[in-house]
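The lines below spell out each chain.
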Amino acid sequence: MDFDVAFLLSTFVKLVAAVPMTLGLFACSVSLGAVFALGITYCRVSGGAFLSVFARAYVFVFRGSPLLIQMFLIYYGLGQFPAVRHSLFWPVLRDPFSCAVLALALCTAGYQAEIMRGGLQAVPSREIEAGRAAGMSGLLLFRRIIAPIAIRQALPAYSTEIILMVKSTALASLVTVWEVTGTAQRLISQTYRTMEVFLVATLIYLLINFIIVRVMALVEYRLSPHLRERPVSASDGGRQGEVHG
Amino acid sequence: MADAPVPAISVRNIHKSFGQHEVLRGISLDAQDGDVISILGASGSGKSTFLRCINLLETPDEGEITVAGETIAMKRNRAGSLVPADRKQVDRIRSELAMVFQSFNLWSHMTVLQNLIEGPVHVLKRPKAECIAEAEALLEKVGLAERRNYYPSHLSGGQQQRAAIARALAMQPKALLFDEPTSALDPELVGEVLKVMRSLAEEGRTMLVVTHEMAFARNVSDRVMFLHEGVVEADGAPEDIFTNSESERFRQFIGNFQA
């Protein structure tokens, strides 16, 4: 195969033009999914039996079935019902971008809810008890003690989920959203140069995820000073083992 | 008796069961301002549970708790168990009774200084600058001024417990509750914590101390309570109770420590 730099470059430029669409799908679905996930996590841990069953069922269904099928059901399936077509939601449900965002958000909400629950469970009960003993309760206790610790615990799993979501946006091409993968397929159908176009698309996804990985690592670093090496400052360097009596 | 001082802490007839097991079977206690009361007992005697009932970390099944003249309002729920009637009151009374835990329970995501100002700033809603100045003075007092920007995981057990004591003091509490403060420490670190506690006793702080440190109970406290199977088996001034207690069980108990 000849190495056609001019073609690769023009492909790169065309695919980069679709990056805003990919990032738009990603940003909308991850943030909307996070809002849903907060609700599901609340249902799961708030103690009500009915709410807990609902949350478990939600997680089971959306984690247990293919995202592509969920997306097809929302985009192609719902429109079959006249009640849906005449409802308030039709302007949203007939738009490919909104449907893709909705499907992605509903799916990631199931995963994110499990990540959030894991983070909450990892908060040591001793530290919560210290908060209660100091007179904290309710939202104050959650905001100052529980949430900060839970977020730190959940962050590594959350990074993974976010990267998966960048890749999942490729499925939106199958409901006619022209993001990077969809645009790549259109180019291939015009040029028949599958290898080159998909390699350039791969490069673009790798670049996006590289930036996301770096940002998440930075966030993790900033939020976990207590998990790093103990500080060594000029004033106490060399006598860290000393115990003040 | 009309102008008898209001006790800092007054506890009446506390009962508490876990399932079928009745851990506390009617315990009462009055602590005046400045009293240092050591609560002794074998493990399982209910002494920690009793302490945790005072700030309602455990809800007693029966009984009444009064802090500085204010009785904690309790009511019965539909199942017939005692529950606090007013959560806000419980939060407020907890902020007046600082607790020091066996495993320190410092907030791991905050530095020592942040641990100290957390309660004063966010629970007591006091100005931050003022709280920081006080916290620095407290850290000086417990010998941790240089460690103020360390995280708990970077400190030894003894340092963590001294930080936890400073955190308790930062709340300017009416009384301090110590739940086996030295039991989780390596033996060589116990002394530094006891030294801080002794200085607090000398300042006239009101302290309830659940402990296994016989020397502390005997030399520092004004009063010693010995719990056995959920009741007060012996109670009195340390010089009396340690030398000639009528309780055979208490004599046996202290005998174990003098072997």
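Residues numbered from 1 in each chain as written. Chains lettered and ligands numbered in written order. Predicted model: local features only at pLDDT ≥ 70, side-chain atom pairs only at ≥ 80, totals over all residues. Heavy atoms only, no water.

Once that is clear, we can look at helix H4 (residues 128-141) of chain B. Residue and element names in this part refer to chain B. The end-to-end C-alpha separation of H4 is 20 Å, in line with the 20 Å expected for 14 residues at 1.5 Å each. Of the residues making up H4, those classed as buried are Cys131, Ala135, Leu138 and Leu139. Buried residues of H4, viewed axially, fall in a sector of 100°; they line one side. Residues Ala129 and Glu140 are exposed on H4 and point more than 90 degrees away from its buried face. (Helix = DSSP H or I, 4+ residues; strand = E, 2+ residues; numbered from the N terminus. Expected span 1.5 Å × (residues − 1). Buried < 20%, exposed > 50% of the residue type's maximum accessible area, 1.4 Å probe, protein only. Arc of directions from axis to C-beta.)

Let us now look at the packing of aromatic side chains. Enumeration according to the criterion identifies seven aromatic pairs over all chains in this entry. Ring centres of tyrosine 58 of chain A and phenylalanine 62 of chain A lie 4.4 Å apart, and the angle between their planes is 25°; on these two criteria the pair is classed as stacked. Linking tyrosine 58 of chain A with phenylalanine 62 of chain A, this pair stays in helix H3 (residues 49-64), spanning four residues, or about one helical turn. Note on tyrosine 58 of chain A: relative accessible area 12%, which makes it buried. On the basis of an interplanar angle of 40° and a centroid distance of 5.0 Å, the ring pair of phenylalanine 226 of chain B and phenylalanine 253 of chain B is categorised as tilted. With phenylalanine 226 of chain B in strand S11 (residues 223-228) and phenylalanine 253 of chain B in helix H9 (residues 248-257), the pair connects residues that are 27 residues apart, well separated along the chain. Here the aromatic residues Phe226, Phe242, Phe250 and Phe253 of chain B are joined through ring pairs into a cluster of three or more. (Phe/Tyr/Trp six-rings, centres within 6.5 Å; stacked < 30°, edge-to-face > 60°.)

The subject of this paragraph is the interface of chain B and chain A. Note on interface size: it is often stated as the accessible area lost on association of the parts. Counting residues at the interface gives 33 residues for chain B, matched by 32 residues for chain A. The junction of chain B with chain A conceals about 2900 Å² of combined surface from both sides, 52% of it contributed by carbon and sulfur atoms. The largest contributions to the chain B side of the interface with chain A come from Trp107, His109 and His154 of chain B, which together make up 22% of the buried area. The salt bridge involving arginine 52 of chain B is made with glutamate 129 of chain A; its shortest N-O contact spans 2.7 Å. Inspection of the region where chain B meets chain A yields ten residue pairs in polar contact (both at pLDDT 80 or more). Elements supplying a minimum of two residues to the side of chain B that touches chain A: helix H2 (87-96), strand S8 (97-100), helix H3 (112-122), helix H5 (157-170) and helix H6 (187-202) of chain B. For the side of chain B that touches chain A, the class distribution of residues is twelve nonpolar, eleven polar and ten charged. (Contact = heavy atoms within 4.5 Å. Buried area = accessible area lost by both parts, 1.4 Å probe. Salt bridge = Lys/Arg side-chain N within 4 Å of Asp/Glu carboxyl O. Polar contact = N/O pair within 3.5 Å; in protein donor to acceptor, adjacent residues only side chain to side chain. Nonpolar A, V, L, I, M, F, W, Y, C, P; charged D, E, K, R; others polar.)

Turning next to the sheet that holds strand S5 (residues 70-71) of chain B. Residue and element names in this part refer to chain B. With antiparallel pairing, four strands are arranged side by side in an open sheet as S2-S1-S4-S5. The open sheet has two free edges, formed respectively by strand S2 (21-31) and S5, since each of these has just one partner strand. As judged from the two bridges shared by strand S4 (residues 62-67) and S5, these two strands associate in the antiparallel manner. Each bridged residue has a counterpart across the sheet, and for threonine 66 the counterpart in S5 is threonine 71. In this fold helix H1 (residues 47-54) packs onto strand S1 (9-18), S2 and S4, with an angle of close to 120° to the strand it touches most, S1. (Pairing = 2+ DSSP bridges. Axes fitted to C-alpha atoms, helices over the stretch in contact; angles between N-to-C directions.)

A few words now on the environment of proline 120 of chain B. Residue position: proline 120 of chain B is located in helix H3. The residues touching proline 120 of chain B, leaving out its near neighbours within four places in the chain, are Lys125, Arg126, Cys131, Ala170 and Met171 of chain B.

Another point: the side chain of glutamine 161 of chain B. All names here are of chain B. One can find glutamine 161 in helix H5. Note on glutamine 161: relative accessible area 0%, which makes it buried. Ignoring sequence-local partners within four residues, the contact set of glutamine 161 consists of Val100, Phe101, Gln102, Phe104, Pro181 and Val193.

Residue and element names in this part refer to chain B. Examined against the element boundaries, glutamine 89 turns out to sit in helix H2. Looking at glutamine 89, the relative accessible area reads 7%, which means it is buried. Separated by 3.0 Å, the side chains of glutamine 89 and glutamate 70 make a polar contact. Once you skip the residues sitting within four places of it in the chain, glutamine 89 turns out to touch Glu70, Thr71, Ile72 and Ala73.

Residues and elements named next belong to chain B. Evaluated as defined, the whole model comprises 22 salt bridges over all chains. Between arginine 162 and glutamate 192 there is a salt bridge, with its nearest N and O atoms 2.7 Å apart. On the criterion of sequence distance, the pair formed by arginine 162 in helix H5 and glutamate 192 in helix H6 is long-range, its members being 30 residues apart. On the basis of relative accessibility, which here comes to 1%, the residue arginine 162 falls in the buried class. Looking at glutamate 192, the relative accessible area reads 7%, which means it is buried.

All names here are of chain B. Residue glutamine 172 is not a glycine yet carries a positive backbone phi of 45°. Looking at the secondary structure, you find glutamine 172 in the loop between H5 and strand S9 (175-179). We classify glutamine 172 as partly exposed; its relative accessible area is 47%. Positioned with a positive phi, glutamate 180 is a non-glycine residue whose angle comes to about 45°. The topology assignment puts glutamate 180 in the loop between S9 and H6.

We now examine the sheet that holds strand S10 (residues 207-210) of chain B. Residue and element names in this part refer to chain B. An order of S8-S9-S10-S3-S11-S12 is seen for the six strands of this open sheet, with the pairing classed as mixed. Two strands close off the open sheet at either side, each with one partner strand: S8 and strand S12 (231-236). Neighbouring strand axes in the sheet, compared pairwise and without regard to direction, differ in orientation by 20° on average. The pairing of S8 with S9 spans four bridges and is classified as parallel. Bridged to alanine 98 within S9 is leucine 176. Sitting on the sheet, H6 is in contact with strand S3 (36-41), S9 and S10, with an inclination near 150° to S10.

Time to look at the state of the cysteines. In total, this model carries zero disulfides over all chains according to the counting rule given. Here cysteine 43 of chain A stays free of any disulfide, with the sulfur of cysteine 107 of chain A as its closest cysteine sulfur at 18 Å. (Disulfide = S-S within 2.5 Å.)

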